[in-house]
Amino acid sequence: MKKTVELENARKVYRLGDEKVVAVDNISLSIAEGEICCLLGTSGSGKSTLLNLMAGLEKPSKGKIIIKGKRVDKMSETQLALFRQRNIGFVFQSYNLMPMLTALENVSLPLTFRGVPLKKRNQLAAEMLENVGLGKYLKHRPMQMSGGQQQRVGIARAFVSKPPVVFADEPTGNLDSKTSLEVMGLMLEMARAHQQTLVIVTHDPGISKYADRVYTILDGNIETILENH
Amino acid sequence: MNNRDLLLMGLGNLFRRKTRTVLTVLGVVIGTCSIVVMLSLGIAMDRGFQEQLSYMGDLTIIDVNNYGYYDGGMGSGGQQIKLDDQSVIQFQKIPRVTAVMPVRSIYMKMAAGRYVGYVNVIGIDPEVMEPFGFSVEDGRLLQASDRDTIVFGKSVAYDFYNPRMQRNYYYGMNRDNPPPVDVLSAKMVMTTDMQYGETRNRWQDDTDSTPPKVYDVRGVGILEESNSEKDYSAYMNRSSLEKIMEEERRNNRNDRSRNDQSQFERVRVKVDNIEDVESVQSAIQALGYQTFSLTDILNSMKETSRMIQGILGGIGAVSLLVAAIGITNTMVMSIYERTREIGVMKVIGAQLTDIKKLFLIEAGLIGFSGGVVGVCFSYLISVGLNHIGAGFMGPGSTSGMSVIPLQLALMAIAFSTLIGIVSGYSPARRAMKLSALEAIRND
């Protein structure tokens, strides 16, 4: 199995005044290509920091982070931006759609950053929205949509450029249980369809049932690893 | 991200915050307006000077005068340089000189029938008349073969009067009536005797001396009105005039003013174009002559107006500076508001340069639109000023109080855009450096 995401003795320490807060203590893990994996933990367990480290949003205090064979922790801001553009999709808890853009424009935004021509990217974005069941909402703005619909737009945006790795940070955190199920189903479907690696951070054990492998995080360390088959 | 998308996104962001955008643009409008209008006043002043001067004479002519030039301060002992045929040849050799016109003149009395008039007669070489801008309204210019012929300036004929009548002529003021003398057809004479034709007082007449000779002359042309010194003189072939002067000198030994016949009173030098006047003038000065040209005046006037323009422009610049601060402020505010948005953009794949460009474009657009609107307003203000100022500047002036050349308008737009971009630069850098992490905070 090819490794897509690898962590070697990753450690992240924050300084709050004189006090040191260890968010990620010493974590090593590796996620294979096409694997759907879940980081489960309570609030304050360090799971979000772990995700930030993997996505290159934060630098580790120690250790290595390797995505698709590249040392993410060694990259400069500019390199990281380009790397994210090519390799990483992101689903946020609070959707984070651009309020002034329509659903279609929001989904096509990552393609815009890549310089895909207007016609092509609109076509791809429309297809994605169709796939997430929002074919009739292309011209709607985020304010005109429900939370579930917004999150589906967010998912379409994360997957539209077919990135090898998609990170989802509490994707169902703001949704009711029924919508959560729909959203999770959508993400899995998409990831499986193109052999994309999906990393989900959640505090909800119910969500973790969907993953191939579940890492339970406690106080900055991996407590248990559970494999679902 | 391609530039078109960036531009559209920038526009979208500006439209999203209409009030703030409009207010910031308004600042730039005021700034641009004040600079453009201020400069337009200065430019109009410049044009006015040039126009005034061109009424006074040709700007491409340098006068070399025979005032007796002393090389003061150089210690060479005040040697006087003669202005003679030799000098004319020297001047002709200077590059960019198209014609040289040595001038002699004599003040004469002319008579035609009952009418007499005082006329300044200038001796001129017929072949340089054209390069020096002489052109006739009626008749013809002088020719090399002419001897006793005269070409009159437009105003000369109006100066004739009938000495037996009550003196009620106006110096060329009353142009509604035809002049008292038709100089082209009348049989005319001229003389250096200033009493000629006047009602004489026989008893006081000095009968010992022979009265000065009376010469027959014939008018062949009237010059076009030029509103310059040309209108007030009569022109004669130089060789003929020199002969007359020589004769007068022999008859009247008391004439002290023309003790050296080889020297000219002045030599006029015509230059290719205005730009070359200065270099030719300094070349002549280097030969040791005293020169004068209207360009001298023009230059000093220009210097004055440049100073005034600088002051006016400076006042305008202050308001544009304020506008620039306004742009920076708006962009900084915008960044605070959009911190999260910027972070999200970074996370989902925006390049750092894209973010920087986006903000620069927004700031540039503010500057650009402010510049465009400001220039439009400036044209309106300019029209208004010219309307108000029309009476104040006098009817002869065509340029008015305020002139906005196209270059100024374009420069103003380019400059305000540049100001926008410069003001947006530091906020744009700040936006670029914002942490992408901000986006993921769930607050």
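What counts and what doesn't
Residues numbered from 1 in each chain as written. Chains lettered and ligands numbered in written order. Predicted model: local features only at pLDDT ≥ 70, side-chain atom pairs only at ≥ 80, totals over all residues. UniProt positions renumbered as here; feature names shortened; annotations may be inferred. Helix = DSSP H or I, 4+ residues; strand = E, 2+ residues; numbered from the N terminus. Rg over C-alpha atoms; globule rule 2.2 N^0.38 Å. Contact = placed C-beta atoms within 7 Å. Pairing = 2+ DSSP bridges. Axes fitted to C-alpha atoms, helices over the stretch in contact; angles between N-to-C directions. Nonpolar A, V, L, I, M, F, W, Y, C, P; charged D, E, K, R; others polar. Core = buried A, V, L, I, M, F, W, Y, C linked by C-beta atoms within 7 Å. Buried ≥ 20, exposed ≤ 12 C-beta atoms within 10 Å, placed from the backbone. Parallel < 35°, antiparallel > 145°, perpendicular 65-115°, else oblique. Left-handed = near helix turned anticlockwise from the far one by under 90°.

Naming follows an unreviewed UniProt entry, where chain B appears as ABC-type transport system, involved in lipoprotein release, permease component of Anoxynatronum buryatiense. According to the UniProt record, the Sequence similarities (unreviewed entry) comment for chain B reads "Belongs to the ABC-4 integral membrane protein family."

Per an unreviewed UniProt entry, the recorded name for chain A is ABC transport system ATP-binding protein, and the organism is Anoxynatronum buryatiense. Taken from UniProt, the Sequence similarities (unreviewed entry) comment for chain A reads in full: "Belongs to the ABC transporter superfamily."

Trainee: Before we move on, can you summarise the overall build of chain A with the specific residues and values?
Mentor: Counting its secondary structure elements, chain A contains seven helices and ten strands. What you see for chain A is a C-alpha radius of gyration of 17 Å, in line with the 17 Å of a compact globule of 229 residues. Its C-alpha atoms put chain A at 50 × 40 × 40 Å along the principal axes. Counted over contacts in chain A with a minimum sequence separation of 6, partners at least 24 positions apart contribute 69%.

Trainee: Just give me the short version of the sheet that holds strand 10 (residues 221-227) of chain A, but keep the residues and values in it.
Mentor: Residue and element names in this part refer to chain A. Pairing in this open sheet of six strands is mixed, and the strands run 6-7-8-3-9-10 from one edge to the other. Strands at the two margins of the open sheet, each flanked by one partner only, are strand 6 (88-91) and strand 10. Averaged over all pairs of adjacent strands, the angle between strand axes in this sheet comes to 20°, irrespective of strand direction. Examined bridge by bridge, strand 7 (residues 165-169) and strand 8 (residues 197-202) share five bridges and lie parallel to one another. When the sheet's bridge partners are listed, Asp169 is paired in strand 8 with Val201. Its contacts with the sheet put helix 5 (residues 147-159) on strand 6 and strand 7, and the angle it makes with strand 6 is roughly 175°.

Trainee: Tell me about the UniProt feature "transmembrane region" (unreviewed entry) in chain B, and name the residues and values.
Mentor: What UniProt calls "transmembrane region" (unreviewed entry) maps, in this numbering, to residues 21-45, 311-336, 357-381 and 401-425 of chain B. Between the first and last C-alpha atoms of residues 357-381 of chain B the distance is 35 Å; the span itself is 100% helix and 0% strand.

Trainee: How would you sum up the interface of chain B and chain A? Please name residues and give values.
Mentor: Taken together, the contact between chain B and chain A spans 20 residues of the former and 24 residues of the latter. If you list the elements that add at least two residues to the side of chain B that touches chain A, you get helix 1 (3-16), helix 7 (339-347) and helix 8 (352-393) of chain B. For the side of chain B that touches chain A, the element with the most residues is helix 7 of chain B, which contributes four residues. Here the side of chain B that touches chain A is built from residues that sort into ten nonpolar, five polar and five charged.

Trainee: An account of the sheet that holds strand 2 (residues 19-32) of chain A is needed here, citing residue identities and associated values.
Mentor: Residues and elements named next belong to chain A. Here we have four strands laid out as an open sheet, ordered 2-1-4-5, and antiparallel in their pairing. A single partner strand is all that each edge strand has here, and the edge strands are strand 2 and strand 5 (70-71). Note that strand 1 (residues 3-16) and strand 2 share ten bridges and pair antiparallel. Each residue of the ladder has a partner; that of Arg15, found in strand 2, is Lys20. Of the strands in this sheet, strand 1, strand 2 and strand 4 (62-67) touch helix 1 (residues 47-54), which is tilted by about 60° from strand 2.

Trainee: Pulling in residues and values, what's your account of the UniProt feature "domain: ABC transporter" (unreviewed entry) in chain A?
Mentor: The UniProt record annotates "domain: ABC transporter" (unreviewed entry) at residues 5-228 of chain A. As annotated, residues 5-228 of chain A has a helix share of 35% and a strand share of 30%, and its two end C-alpha atoms lie 19 Å apart.

Trainee: Can you lay out the nonpolar core for me, pointing to particular residues and giving the numbers?
Mentor: Grouped together as the largest cluster of nonpolar side chains are 115 residues, with contacts concentrated most on Phe167(A) and Val199(A). Among the elements that line this core, the one with the most residues is helix 2 (residues 18-56) of chain B, at twelve residues. The next biggest cluster of nonpolar side chains, apart from the first, holds 51 residues, and it includes Val121(B), Val151(B), Val217(B) and Ile222(B).

Trainee: Describe the environment of Val277(B), naming the residues involved and giving the relevant values.
Mentor: Residue and element names in this part refer to chain B. Structurally, Val277 can be placed in helix 5 (residues 274-286). What makes Val277 buried here is the crowd of 24 C-beta atoms within 10 Å. Taking the C-alpha atoms as reference points, Val277 and Leu294, separated by 17 residues in sequence, lie 9.7 Å from one another. Sequence-distant contacts of Val277, that is, excluding residues within four places in its chain, are made with Thr60, Ile62, Val271, Ser293 and Thr295.

Trainee: Any details on the pairing of strand 1 of chain A? Residues and values, ideally.
Mentor: All names here are of chain A. Between the antiparallel neighbours strand 1 and strand 2 lie two residues, among them Gly17 with a positive phi of about 65°. Of the pairings in the sheet, the one linking strand 1 to strand 4 comprises five bridges and is antiparallel in character. If you follow Leu7 over to strand 4, its bridge partner there is Ile65.

Trainee: So, unusual backbone geometry: which residues are in play, and what are the values?
Mentor: Residues and elements named next belong to chain A. Of note in this structure, Tyr95 is not a glycine but carries a positive phi near 60°. Position of Tyr95 relative to the elements: it lies in the loop between strand 6 and helix 3 (103-114). For Gln195, which is not glycine, the phi torsion reads 55° and is therefore positive. As for its placement among the helices and strands, Gln195 is situated in the loop between helix 6 (177-193) and strand 8.

Trainee: Could you give me a rundown of the packing of helix 2 of chain B against helix 9 (residues 406-433) of chain B, with the residues and numbers involved?
Mentor: All names here are of chain B. At a minimum axis distance of 11 Å, the contact between helix 2 and helix 9 shows a crossing angle of 150°. Accordingly, the angle class assigned to the pair helix 2 and helix 9 is roughly antiparallel. In this structure, helix 2 crosses over helix 9, and the sense of that crossing is right-handed. From helix 2, Val28, Thr32, Ile35, Val36, Leu39, Ser40 and Ile43 reach across to helix 9, where they touch Leu408, Ala412 and Ser416. Within the contact of helix 2 with helix 9, the residues separate by chemical class into seven nonpolar, three polar and no charged.

Trainee: Please give an account of the environment of Val201(A) that cites residues and values.
Mentor: Residue and element names in this part refer to chain A. Position of Val201 among the secondary structure elements: in strand 8. Accessibility expressed as a C-beta count within 10 Å gives 27 for Val201, which makes it buried. As a C-alpha pair, Val201 and Cys38 span 163 residues in sequence and 5.8 Å in three-dimensional space. Val201 has contacts with Leu39, Lys47, Ser48, Leu51, Ala168, Asp169 and Glu170, leaving out every residue within four places of it along the chain.

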